[in-house]
Amino acid sequence: MSPTLRPAHFPSDLAAVLEIFREYVRSPTADLGFQDYEREFADLPGKYAAPRGCVLLAWAGDELLGCGALRPVDDASCEMKRVYLRPAARGRQLGRQLVEGLLAKAREAGYRRVCLDVLPEFVAARRLYASLGFVPAPPVSFNPVPGTLFLALELPDRNTTP
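Predicted model only: the values in this text are computed from it and were never measured.

Cut-off values and rules
Residues numbered from 1 in each chain as written. Predicted model: local features only at pLDDT ≥ 70, side-chain atom pairs only at ≥ 80, totals over all residues. Heavy atoms only, no water. Helix = DSSP H or I, 4+ residues; strand = E, 2+ residues; numbered from the N terminus. Buried < 20%, exposed > 50% of the residue type's maximum accessible area, 1.4 Å probe, protein only. Expected span 1.5 Å × (residues − 1). 1 Å grid on protein atoms, 1.4 Å probe; cavity = no way out; pocket = protein on both sides within 12 Å on 5 of 7 lines; lining within 4 Å. Points joined across faces, edges and corners; volume = space filled by probe spheres on them. Nonpolar A, V, L, I, M, F, W, Y, C, P; charged D, E, K, R; others polar. Contact = heavy atoms within 4.5 Å. Pairing = 2+ DSSP bridges. Axes fitted to C-alpha atoms, helices over the stretch in contact; angles between N-to-C directions.

## Concerning unusual backbone geometry
Apart from glycine, the bulk of residues carry a negative phi angle, and the bulk of peptide bonds sit in the trans form. Geometrically, the link from Phe10 to Pro11 is a cis peptide bond, its omega value of 15° lying close to zero. With an omega dihedral of 5°, the bond running from Leu44 to Pro45 counts as a cis peptide bond. In this fold, Pro45 is placed in the loop between helix H2 (37-42) and strand E2 (54-60). Of note, the phi angle at Asp36 is positive, near 50°, even though the residue is not glycine. When its relative accessible area of 37% is taken as the criterion, Asp36 is described as partly exposed. Positive phi outside glycine occurs at Arg82, with the angle close to 60°.

Below, the structure written as structure tokens:
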């Protein structure tokens, strides 16, 4: 079955979002406790609430494959967070589809810039972001992990054709 992306709906998708977000925070070797993610999870959808935020879930039928989210930084910028694919779903371009889906959601929400940080061990993600045009940028959130890259992508105006 071909994977599909769809926005999470709260509260009906809360259990699925919590499951995949918790899996994400356990995935790196770095301790992500500095993010105070338990408070974030308790407040879902919190900053990820529509219309300025979103959580995208990747599914294959009833099987949850991955996630990604957006939250506002300011009127013009948002931050991409929690981009994660389960190991069995990797290597099939689903990560690219997920990030491109989040970029489309950012444009729909009227953002002109998408920011993110990526840990050093997420090599494939770093390559993906570079291939999509993300460039080094000042951080928009705290991340003390040595070697973390802070990146941003300027989005074209919605009224401009590429």
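## As for helix H3 (residues 94-108)
With 15 residues, H3 should reach 21 Å at 1.5 Å per residue; the first-to-last C-alpha distance of 21 Å fits that figure. Residues Leu94, Gly95, Leu98, Val99, Gly101, Leu102, Leu103 and Ala106 constitute the buried set of H3. Residue Gly110 follows H3 closely and has a positive phi angle near 90°.

## As for the layout of surface pockets
Computed from the structure, the largest pocket encloses a volume of approximately 730 Å³. Every residue lining the largest pocket is counted, 34 residues in all, and those nearest its centre are Val83, Gly95, Ala124, Ala125 and Leu128. Broken down by secondary-structure element, the contributors of at least two residues to the lining of the largest pocket are strand E4 (77-85), H3, strand E5 (113-118) and helix H4 (123-131). In this model, the second largest pocket occupies a volume close to 280 Å³. Surrounding the second largest pocket, 16 residues form its lining, Gln35, Glu40, Lys47, Tyr48 and Arg71 being those nearest its centre. Broken down by secondary-structure element, the contributors of at least two residues to the lining of the second largest pocket are H2 and strand E3 (63-72). Grouping the amino acids of the lining of the second largest pocket by side-chain chemistry returns 6 nonpolar, 3 polar and 7 charged.

## As for the environment of Arg22
On the secondary structure map, Arg22 appears in helix H1 (residues 14-26). Spatially, the C-alpha atoms of Arg22 and Phe41 are 8.7 Å apart, while their sequence positions differ by 19 residues. Excluding its chain neighbours within four sequence positions, the residues that come into contact with Arg22 are Glu38 and Phe41.

## Considering the sheet that holds strand E6 (residues 135-136)
Think of a sheet as strands paired side by side through backbone hydrogen bonds, with each pair either parallel or antiparallel. Taken in spatial order, the 7 strands make up an open sheet running E1-E2-E3-E4-E5-E7-E6, and their pairing is mixed. The outermost strands of the open sheet, each flanked by one partner alone, are strand E1 (4-7) and E6. Two strands pair when backbone bridges link them, and E4 and E5 are joined in this way by 3 bridges, in the parallel orientation. Paired with Cys78 across the bridge in E5 is Val114. Helix-sheet contacts for H4 involve E4, E5 and strand E7 (149-154), and the interaxial angle to E5 is about 160°.

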